[in-house]
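Structural description and commentary
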Amino acid sequence: MSEEFADQFLEQLQAETYARLGITPDFESLSAPPGMAVTVWEQSLGRPLTPAEVREAEAFPTADYAMRPTKFEHPFAYAMMRTLTRHIEKVLADHDIGLPSRPRFGTLATGQVNAMTVAVPGGGHLVLLENELLTFANLICKAIVLACPATEAEDGWFGFSTEAPAHLDEDDTAVVRFTETLLAYLVDGRPAAAPQYLLGSWRQQIVTSLLRDAVELFVVGHEYGHIIGGHLGSARLRSAGVVPVEQVDYAWQQEYEADYIGVHLGVLAMREKIEVDADYAFCGFEIFFSALDIMDRAASLLQFGDESARRLGSHPPSFDRRATLRDSAVRLVGGDESGHPLGLGRAYAAVLDTLWERARPAVVRARRHGVRLAPMWTFALTTPAAQEAT
Amino acid sequence: MTPDRDTRRMLIVDNDDVDFARRTAAEHDVALQRVEMRGLEPVLTTTLLLFGAAAAVGLVTSLVDRHRGGQIIDLRPGTPRPVYRSKDVIFGLVVIFARDGRVTVEVKEPAGMFGQVLEALTALLGELAGAGVADIAPAVTEKVGDAARISTESTGSQ
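Everything numeric here is computed off the predicted structure, so don't read it as measured data.

Criteria and cut-off values
- Residues numbered from 1 in each chain as written.
- Chains lettered and ligands numbered in written order.
- Predicted model: local features only at pLDDT ≥ 70, side-chain atom pairs only at ≥ 80, totals over all residues.
- Heavy atoms only, no water.
- Helix = DSSP H or I, 4+ residues; strand = E, 2+ residues; numbered from the N terminus.
- Buried < 20%, exposed > 50% of the residue type's maximum accessible area, 1.4 Å probe, protein only.
- Contact = heavy atoms within 4.5 Å.
- Areas by Shrake-Rupley, 256 points an atom, 1.4 Å probe, with all protein chains shown as cover.
- Pairing = 2+ DSSP bridges.
- Axes fitted to C-alpha atoms, helices over the stretch in contact; angles between N-to-C directions.
- Salt bridge = Lys/Arg side-chain N within 4 Å of Asp/Glu carboxyl O.
- Polar contact = N/O pair within 3.5 Å; in protein donor to acceptor, adjacent residues only side chain to side chain.
- Phe/Tyr/Trp six-rings, centres within 6.5 Å; stacked < 30°, edge-to-face > 60°.
- Expected span 1.5 Å × (residues − 1).
- Arc of directions from axis to C-beta.
- Core = buried A, V, L, I, M, F, W, Y, C linked by side-chain atoms within 4.5 Å.

Turning our attention to the overall build of chain B. Along chain B, the regular secondary structure elements total 5 helices and 9 strands. Written out in order from the N terminus, the α and β elements of chain B read β-α-β-β-β-α-β-β-β-β-α-α-α-β. Expressed along its principal axes, the backbone C-alpha trace of chain B runs to roughly 60 × 40 × 25 Å. Within chain B, buried positions represent 54% of all 158 residues. Of all intrachain contacts in chain B linking residues separated by at least 6 positions in sequence, the fraction that spans at least 24 positions is 55%.

Once that is clear, we can look at the overall build of chain A. A tally of helices and strands in chain A yields 15 helices and 5 strands. Looking at chain A as a whole, 53% of its 390 residues are labelled buried. A total of about 16500 Å² of accessible surface is found on chain A, and carbon and sulfur atoms cover 53% of it.

All names here are of chain B. Strand order in the open sheet formed by 5 strands is β6-β5-β7-β8-β9, with mixed pairing between adjacent strands. Because the sheet does not close on itself, it has two edges, and the strands there are β6 (83–86) and β9 (148–154). Direction aside, neighbouring strands of the sheet carry axes that sit 20 degrees apart on average. Where strand β7 (residues 93–98) and strand β8 (residues 101–107) come together, 6 bridges link them in antiparallel fashion. Within β8, the position partnered with Val95 by the bridge is Thr104. Its contacts with the sheet put helix α3 (residues 110–122) on β5 (70–74), β6, β7 and β8, and the angle it makes with β8 is roughly 140 degrees. Contacting β7, β8 and β9, helix α5 (residues 133–144) crosses the sheet at an angle of about 180 degrees to β9.

What follows covers the pattern of salt bridges. Scanning all chains against the criterion turns up 21 salt bridges over all chains. Salt-bridge contacts for Asp94 of chain A lead to Lys90 of chain A; the nearest nitrogen and oxygen are separated by 2.9 Å. Placement of both Asp94 of chain A and Lys90 of chain A in helix α4 (residues 75–94) is noted, with a separation of 4 residues, approximately one turn of the helix. A relative accessible area of 38% places Lys90 of chain A in the partly exposed class. Where Arg22 of chain B meets Asp19 of chain B, a salt bridge forms, and the shortest distance between an N and an O atom there is 2.7 Å. One end of the pair, Arg22 of chain B, and the other, Asp19 of chain B, are both in helix α1 (residues 18–27), 3 residues apart, so they sit about a helical turn from each other. It is possible to trace a salt-bridge network through shared partners that takes in Asp293, Arg297, Glu307, Glu357 and Arg360 of chain A.

A word on the environment of Asp17 of chain B. All names here are of chain B. Tracing the sequence through the fold places Asp17 in the loop between β1 (7–14) and α1. In this structure Asp17 comes out as buried when scored by relative accessible area, which is 2%. Each C-alpha atom of the pair Asp17 and Met37 lies 17 Å from the other, and the pair is 20 residues apart in sequence. Setting aside its immediate chain neighbours within four residues, Asp17 contacts His67, Arg68 and Lys87. For Asp17, the side chain forms a polar contact with the side chain of Lys87, separated by 3.0 Å.

We now examine the pairing of strand β2 (residues 31–34) of chain B. Residue and element names in this part refer to chain B. Alternating positions in β2 separate into two faces, Ala31 and Gln33 on one and Leu32 and Arg34 on the other, with burial throughout. As judged from the 4 bridges shared by β2 and strand β4 (residues 45–52), these two strands associate in the antiparallel manner. Paired with Arg34 across the strands is Leu48, a residue of β4.

So, on to the packing of aromatic side chains. Ring pairs (aromatic) are described by centroid distance and by the angle formed between their planes. All names here are of chain A. Counted according to the given criterion, the structure contains 9 aromatic pairs over all chains. Ring centres of Tyr18 and Phe72 lie 5.8 Å apart, and the angle between their planes is 40 degrees; this geometry places the pair in the tilted category. On the criterion of sequence distance, the pair formed by Tyr18 in helix α1 (residues 3–21) and Phe72 in the loop between α3 (51–67) and α4 is long-range, its members being 54 residues apart. The buried category is assigned to Tyr18, whose relative accessible area is 4%. A relative accessible area of 14% places Phe72 in the buried class.

Residues and elements named next belong to chain A. The terminal C-alpha atoms of helix α12 (residues 318–333) lie 22 Å apart, and with 16 residues this matches the ideal 22 Å at 1.5 Å per residue to within 8%. What α12 keeps buried is the set Ser318, Arg321, Arg322, Leu325, Ser328 and Ala329. Relative to the axis of α12, the buried residues are bounded by an arc of 130 degrees and lie together on one face. Lining the buried residues of α12 we find α8 (202–228), α10 (252–274), α11 (278–304) and α13 (343–368). Backbone geometry just after α12 places Gly334 at a positive phi near 80 degrees.

Read from one edge to the other, the open sheet built from 4 strands follows the order β1(A)-β3(A)-β2(A)-β3(B), with strand pairing classed as mixed. Edge positions in the sheet fall to β1 (104–108) of chain A together with β3 (37–39) of chain B, since each has one partner strand and no second. Neighbour to neighbour, the strand axes of the sheet diverge by 20 degrees on average, direction disregarded. Relative to β3 of chain B, strand β2 (residues 115–119) of chain A is paired through 3 bridges, and the arrangement is antiparallel.

All names here are of chain A. Position of Asn131 relative to the elements: it lies in the loop between β3 (125–130) and α5 (133–147). A distance of 3.2 Å separates the side chain of Asn131 from the side chain of Tyr18, its partner in a polar contact. Ignoring sequence-local partners within four residues, the contact set of Asn131 consists of Tyr18, Thr107, Leu108 and Ala109.

Residues and elements named next belong to chain B. Checked against the element boundaries, Asp74 lands in strand β5. On the basis of relative accessible area, Asp74 is assigned to the buried category, the value being 6%. Side chain to side chain, Asp74 and Arg76 meet in a polar contact 2.8 Å long.

Now for the environment of Arg322 of chain A. Residues and elements named next belong to chain A. Structurally, Arg322 can be placed in helix α12. Each C-alpha atom of the pair Arg322 and Val351 lies 16 Å from the other, and the pair is 29 residues apart in sequence. With sequence-adjacent residues up to four places away left out, Arg322 is seen in contact with Phe285, Glu286, Phe289, Ser290 and Ala349. A distance of 2.3 Å separates the side chain of Arg322 from the side chain of Ser290, its partner in a polar contact.

This brings us to the nonpolar core. If you look at soluble globular proteins, the nonpolar side chains tend to sit buried side by side. All names here are of chain A. Grouped together as the largest cluster of nonpolar side chains are 90 residues, with contacts concentrated most on Phe178, Leu211, Phe288, Tyr348 and Leu355. No other element matches the 17 residues that α11 contributes to this core. Beyond its immediate stretch of four places on either side in the chain, Phe178 contacts Ile140, Ala143, Ile294, Leu352, Leu355, Trp356 and Ala359.

Now the structure itself:
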C-alpha cells in the first residue's frame, strides 16, 4: 500500500461520511487564536517561555497544516494522534511486535463515541478516531480532576482525593463543566462548543494530562490491537483483486482481544512516555467505558426522555467489557487486596458516575425546553431491528 | 465488450441495504467490495467500493440511492428518529413532519438534485426543531428555490 493511496482513500471516506451526516467542515479557515499555544504552554510550565520556546509554540499550527494527510483533517487532532501513535509504535518496536504495515491515521465523523480500524483496499490499515473524541476525552478528564480535591502529603508529594460527592456539595464547578461538555457534544455535536477554560493549578493540569493520555492510549492501542490480532486479515487476501461482498458478523471475541491488547499497550506506553505505574494506565479503559455509557444514557434521555430507551449501539454493554478488562488487568500485572492496580481507575469511574447523577437534571430540563440531539447522533440512534442486524 | 474497471466509487449505506447493493451490482457487471472496519463500538453503516465501467457504476449508485426511498425529517418533539430514509416514501420526496402538520418537498429532477436538496434541508434541522408548518414551509422554500415543489398539510394540532 502506498501512503499516498491510503490518504486518498481516507479523504474519500471522510468526504462521503461528512456528506452523509450533512456536515460541511471548514478546517481550511481554522486557526488558533493568536498566542493561544504560548499561553497554554506557559500555564503548563508555570513560567514564561524562552524566546526559542515561543518560536516553537507559534510554529506549531503551521507545521500541522502542512503535515495532515487530507484536507478534512483537523490539524490539532492530527498532531495529537501523531504523538499517540508514535508512543504506541515505540512500544511495539521495543517489544519486537511486528505490524503487517504501519497504519496511516486520522479522524472520521461517526456520530458515535467511537474509533475504528479500516482495511485499505490493496493492503494496509487506517486507524481512525471519531473527530471529536480527543476533545471530549480532554474535557471529561478536566471535569474529573475538578471534582477531586487536591491533597498534599508531608513529604511534598501531592494527590487528589477521589471522594468527589462531599467536595461537590461545596463547589459544583466540576458538575457545571461536565454538564456543559455533555450538552455541547449532544446538541452541537462538538464538545468544544462548551465554554473553554484553563485549570487553575499545574497539579490539576498534570493529573488531567495523565488521565487523558491513559484514555487516548487505550483507544489507539485498541485499534492497533485489531491490526496485531489480524482481525481484518481477509482484506489482505482480497487485495489481489475485487471480490464479492460478504456479510461479516461483528466479532465480539475480537473486540475483547483488542481491548486486552489496548490495555497492555497503554500500560507500556504510559511507562515509556512518563514512567507512571499501571494504576494510571488502567484509568484509561475505566474512564473511556464510563464516558461511553454516560453519553449513551444522556443521548437517550435527551431524545426520548428515558436514559435506557435506546442505546447508540453498544453491545455487549460497556460495563461487560469493563468487567472483562478488570479481570484481565489483574492477570496482566498482578493485584493485591487493597485493589491495586485497579483501585484508582475504579475510583475515577465512580467520580464520573457521580458527575452524571448531578448532570442528569440539566439534561432533563434541556429536553423540557425543546432542546434535541444534533443530527449526527440520530444516525446512530437506530431502530431496535437495525441494532439486531449489527 | 469487456467493461473497463477503471472507475471506483465509494458508497456508504445502511447495513440493511447491503444485500440490495450486492445484487444490483452483480446484475450490472459492477464488482463490489466491502471495506472491512472494526470499531470500538459497532459501526452502523457499511462502506462499499464499486468498480466497473463509469456508466455502470453510476447506474448502480443511482439504483441503490433510489432503493433507500425518500427522506423523512421529523421535527416533532420527542420523535424517536428525526432524520432517516424510508422505503415507504418514494425516491425524490422529502416529508417533513411538524408539530401541526407536514410539509412535502417534491424534487423536480431527483436523479440529479435529490442529494443537493437533502444537504440543504439537513442544514435547517437545528433551526426548525419543534417548529410549525407556517414557519417550516417558507424556510424550506427559501433554501431549495426552484429545485422542488412544496406543499403543506395542516392537522390543526399544536
